[in-house]
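Geometric and topological summary
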Amino acid sequence: MTEYVVRFLVGGVVVSAFAMLGDVLRPKSFAGLFAAAPSVALATLGIVVYQHGASYAAQQSFSMMAGAIALAIYCVVVCHLLVRARLRAAPASLLSLVAWLIAAFGLRALAGGQT
Amino acid sequence: MTTSIRFSPSSLREGRWHEYLIRFTLGGAATVFTGFVSSRYGASVGGLFLALPAIFCASATLIEKHEIRRKQEAGLPGERRGREAAALDAAGAALGAFGMLAFAIMFSFLVERSVTAAFAGASLAWLAVSVAAWFMRRKMASVARRRTAERTRLRDVAG
């Protein structure tokens, strides 16, 4: 239980810090870089290294590569839904999560489940 | 066209306290969820979720909402401008995803040698690749704009 409380607090602080940095930066496309900051990864990997060791963290970060490529695909899908389909931000970003899931697990399957 | 990256601290005043609370909660929840997935399905599946765009939904919605509010205060509808602002954020995030990929590559390469070097190297790789990708895209857009203007000018001269 304590582990999850620590995860929640550390994750909340790191994610909020990157999000606020994105808020104060201009132009907006540059601030968007911080929307894809590895904030959850930083919070999680720190705890993982402490709890399970470097080898486990290496395995996770290796798999994260597929997630990052899926994130790029997700962002392109969000952009298209906003500009071409004229959806609002909330439905566009939520619907696109399907694209992220398909891309992430698809890439993992392509790599034989190793990534 | 000049590229000017600048700080706009006044943007923080546009946010409401509950919006920051939502982001904190979502960030915390995403980190807990990633930990839960890792312990239930293993490091490989859990690793995918390190790149989950968990707070992107909240951030994009806030950006859209702030832009609409700003336009409405000026007596304009603002829906289109709100969507465009969120789309610009998504375009930037797509470039940031390459930075995240660089982070993952660097971290997995270094962590078994030195944990400190892994965090420092991966964070630097994220920043360098993201910023370089942004400048490159900016440059390409500016070249494309110049070519279009030149083509239009030549067509006008010929016509």
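Residues numbered from 1 in each chain as written. Chains lettered and ligands numbered in written order. Predicted model: local features only at pLDDT ≥ 70, side-chain atom pairs only at ≥ 80, totals over all residues.

What to know about the overall build of chain A
Per the secondary structure count, chain A includes six helices and one strand. If you list the helices and strands of chain A from N to C, you get α-β-α-α-α-α-α. Along the three orthogonal principal directions, the C-alpha set of chain A runs to about 45 × 40 × 25 Å. By residue count, 53% of the 115 residues in chain A fall in the buried class. (Helix = DSSP H or I, 4+ residues; strand = E, 2+ residues; numbered from the N terminus. Buried ≥ 20, exposed ≤ 12 C-beta atoms within 10 Å, placed from the backbone.)

What about the overall build of chain B?
If you tally the helices and strands in chain B, you get six helices and one strand. Overall, chain B shows an N-to-C arrangement of helices and strands of β-α-α-α-α-α-α. Taken over the C-alpha trace, chain B has a radius of gyration of 21 Å; the compact-globule value for 159 residues is 15 Å, which it surpasses by more than 25%. Principal axes of the C-alpha set define a box for chain B whose edges measure 70 × 40 × 30 Å. Within chain B, the fraction of its 159 residues that count as buried is 42%. For chain B, the proportion of contacts with a sequence separation of at least 24, taken over those separated by at least 6, is 49%. (Rg over C-alpha atoms; globule rule 2.2 N^0.38 Å. Contact = placed C-beta atoms within 7 Å.)

Some points on the interface of chain B and chain A
Across the boundary between the two partners, chain B contributes 67 residues, which contact 71 residues of chain A. Secondary-structure elements contributing two or more residues to the side of chain B that touches chain A are β1 (6-7), α1 (11-14), α2 (17-41), α3 (43-48), α4 (56-73), α5 (79-110) and α6 (115-158) of chain B. Sort the elements by how many residues they give to the side of chain B that touches chain A and α5 of chain B lands first, with 23 residues. Residue classes in the side of chain B that touches chain A are distributed as 41 nonpolar, 20 polar and six charged. Sheet topology note: the strand β1 (residues 25-26) of chain A/β1 of chain B ladder contains two bridges and is antiparallel. (Nonpolar A, V, L, I, M, F, W, Y, C, P; charged D, E, K, R; others polar. Pairing = 2+ DSSP bridges.)

A word on unusual backbone geometry
All names here are of chain A. Across the junction of Arg-26 and Pro-27, the peptide omega takes the value 0 degrees, indicating a cis bond. Mapped onto the secondary structure, Pro-27 falls in the loop between β1 and α2 (28-31). Its identity is not glycine, yet Arg-86 carries a phi of approximately 55 degrees, on the positive side. Among the secondary structure elements, Arg-86 is positioned in the loop between α4 (54-83) and α5 (89-95).

What about the nonpolar core?
The biggest cluster of nonpolar side chains holds 80 residues, and the ones touching the most others in it are Ala-68, Leu-71 and Cys-75 of chain A together with Ala-90, Ala-97, Met-100 and Phe-103 of chain B. Per-element accounting of this core gives the leading share, 19 residues, to α5 of chain B. Discounting residues that sit within four places of it in the chain, Leu-71 of chain A has contacts with Ala-36 and Trp-100 of chain A together with Ala-51, Pro-53, Ala-97 and Met-100 of chain B. (Core = buried A, V, L, I, M, F, W, Y, C linked by C-beta atoms within 7 Å.)

Describing the packing of helix α3 (residues 39-52) of chain A against α2 of chain B
At their nearest, the axes of α3 of chain A and α2 of chain B sit 10 Å apart, and the two run at 50 degrees to each other. Relative to α2 of chain B, the element α3 of chain A lies oblique. In the packing of α3 of chain A onto α2 of chain B, the handedness of the crossing is right-handed. Judged by residue contacts, Ser-39, Val-40, Ala-43 and Thr-44 of chain A of α3 of chain A engage Gly-27, Ala-30, Thr-31, Thr-34 and Gly-35 of chain B from α2 of chain B. Split into classes, the residues belonging to the contact of α3 of chain A with α2 of chain B amount to three nonpolar, six polar and no charged. (Axes fitted to C-alpha atoms, helices over the stretch in contact; angles between N-to-C directions. Parallel < 35°, antiparallel > 145°, perpendicular 65-115°, else oblique. Left-handed = near helix turned anticlockwise from the far one by under 90°.)

Structural notes on the domain arrangement of chain A
Along its sequence, chain A is carved into domain 1 (1-52) and domain 2 (62-115). Relative to domain 2 of chain A, the C-alpha centre of domain 1 of chain A lies at a distance of 19 Å. (Domains from an automatic or database assignment.)

Describing the confidence of the model for chain B
Residues and elements named next belong to chain B. Residues with a pLDDT of 70 or more make up 97% of chain B, whose mean pLDDT is 87. Per-element averaging of pLDDT across chain B places α1 at the bottom with 72 and α3 at the top with 92. Here the predicted complex scores 0.87 on pTM and 0.90 on ipTM. (pLDDT = per-residue confidence, 0-100.)

Examining the packing of α4 of chain B against α5 of chain B
All names here are of chain B. Where α4 meets α5, the closest approach of the two axes is 8 Å, and the angle between their N-to-C directions is 145 degrees. At the point where α4 passes α5, the crossing takes the right-handed sense. Here Phe-56, Ser-59, Ala-60, Ile-63, Glu-64, Glu-67, Ile-68 and Lys-71 of α4 lie close against α5, whose contacting residues are Glu-79, Arg-81, Gly-82, Arg-83, Ala-85, Ala-86, Asp-89, Ala-90 and Ala-93. Class assignment for the residues of the contact of α4 with α5 results in eight nonpolar, two polar and seven charged.

Description of the environment of Pro-9 of chain B
Examined against the element boundaries, Pro-9 of chain B turns out to sit in the loop between β1 and α1. In sequence terms Pro-9 of chain B and Thr-34 of chain B are 25 residues apart; their C-alpha atoms lie 32 Å from each other.

So, the environment of Leu-42 of chain A
For Leu-42 of chain A, the position within the fold is in helix α3. In the structure, Leu-42 of chain A is positioned 40 residues away from Leu-82 of chain A in sequence and 29 Å away in space, judged by C-alpha atoms.

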